[in-house]
Amino acid sequence: PERAVRYSNKGIALGLRVSIPMTIAQTTGMYGILTLTQRKCAVAEKYWNWTIGYAAEHGFPYWQTLGKLLKGRLIAARDPDSTGIAQFDGYLGIYLASGARIGVPWFYSMRAEMFLTRGDPEEGLRSIDDGFGTIRQTNECSHEAELHRLHGELLLLRDGGNGADAARDCFR
């Protein structure tokens, strides 16, 4: 993780030095993704707030949409009963309507985790189905293991001990 942070910081510095707006938006956005995956939510939120504003100022709707989607995730992490999931869902819809498909299985795994935290296994399981459906369509399987893990967690939440065998299969 430390090496990833070091390289990301070098990327941001290089982006600022060459002063290409798209490069700056991309390097800061990717740093926001890195810190989100490290669960450093306060740092991620700082970078996403900056990236959202910068993307809006320079006309980069992809980074603005992605930033607002992930900001919804950060809001939901702070308070599972907040408007974070609604914001996430709204921007996920915009993201999908744009035709973008990069990262969509990850987004569905985040959505499933938000509903797991909220205690809503049915909605979480719908997100799992959507994530696996996207993997079948795109072959992007970088978050397939996480979808399986969350599937098992959601089955345990929904079915308690009665779902242990099905959940165990998800964890293999």
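Before going into details, it helps to say that this report is about the structure given with it. Note that the structure is predicted; figures quoted are calculated from it, not measured. (Residues numbered from 1 in each chain as written. Predicted model: local features only at pLDDT ≥ 70, side-chain atom pairs only at ≥ 80, totals over all residues. Heavy atoms only, no water.)

## Observations concerning a nonpolar patch on the surface
Alright, step 1. On the surface, Leu14, Val18, Ile20 and Met22 cluster together to form a nonpolar patch covering roughly 320 Å² of accessible area.
Alright, step 2. Here Val18 shows up in helix α1 (residues 2-18).
Alright, step 3. Relative accessible area serves as the criterion here: at 42%, Val18 is assigned to the partly exposed category. (Patch = residues over 30% accessible without salt bridge, like charges linked within 9 Å, V, L, I, M, F, W, Y side chains within 5 Å. Areas by Shrake-Rupley, 256 points an atom, 1.4 Å probe, with all protein chains shown as cover. Salt bridge = Lys/Arg side-chain N within 4 Å of Asp/Glu carboxyl O. Helix = DSSP H or I, 4+ residues; strand = E, 2+ residues; numbered from the N terminus. Buried < 20%, exposed > 50% of the residue type's maximum accessible area, 1.4 Å probe, protein only.)

## Here's the deal with the side chain of Arg111
Alright, step 1. The residue Arg111 is located in helix α6 (residues 104-118) in this model.
Alright, step 2. On the basis of relative accessibility, which here comes to 11%, the residue Arg111 falls in the buried class.
Alright, step 3. Side-chain polar atoms of Arg111 contact the side chain of Asp89, separated by 2.6 Å.
Alright, step 4. Contacts of Arg111, omitting those with residues within four sequence positions, involve Phe88, Asp89, Glu123 and Ser127. (Polar contact = N/O pair within 3.5 Å; in protein donor to acceptor, adjacent residues only side chain to side chain. Contact = heavy atoms within 4.5 Å.)

## Section: the packing of α6 against helix α8 (residues 144-159)
Alright, step 1. In the contact formed by α6 and α8, the axes pass within 10 Å of each other and the chain directions differ by 20°. For the element pair α6 / α8, the angle class is roughly parallel. In the packing of α6 onto α8, the handedness of the crossing is left-handed. On the side of α6, the interface is formed by Pro105, Tyr108, Ser109, Ala112, Glu113 and Leu116, while α8 contributes Glu146, Leu147, Arg149, Leu150, Glu153, Leu154 and Leu157.
Alright, step 2. A breakdown of the residues in the contact of α6 with α8 according to their chemical character gives eight nonpolar, one polar and four charged. (Axes fitted to C-alpha atoms, helices over the stretch in contact; angles between N-to-C directions. Parallel < 35°, antiparallel > 145°, perpendicular 65-115°, else oblique. Left-handed = near helix turned anticlockwise from the far one by under 90°. Nonpolar A, V, L, I, M, F, W, Y, C, P; charged D, E, K, R; others polar.)

## Regarding the pattern of salt bridges
Alright, step 1. Under the definition given, this model contains 12 salt bridges.
Alright, step 2. For Arg118, the salt bridge is made with Asp81, and the minimal N-O distance between the two is 3.8 Å. One end of the pair, Arg118, is in helix α6; the other, Asp81, is in the loop between α4 (61-78) and α5 (84-97), and 37 residues separate them in sequence.
Alright, step 3. Judged by relative accessible area, which is 33%, Arg118 ranks as partly exposed.
Alright, step 4. Each of Asp89, Arg111, Glu123 and Arg126 takes part in one network of salt bridges that share partners.

## Observations concerning the packing of helix α2 (residues 21-37) against α4
Alright, step 1. At a closest axis distance of 11 Å, the pairing of α2 and α4 adopts a crossing angle of 20°. Regarding the angle of α2 to α4, the classification is roughly parallel. At the point where α2 passes α4, the crossing takes the left-handed sense. In contact with Met22, Ala25, Gln26, Gly29, Met30, Ile33 and Leu36 of α2, α4 contributes Trp63, Leu66, Leu70, Arg73 and Leu74.
Alright, step 2. Tallied by class, residues from the contact of α2 with α4 come to nine nonpolar, two polar and one charged.

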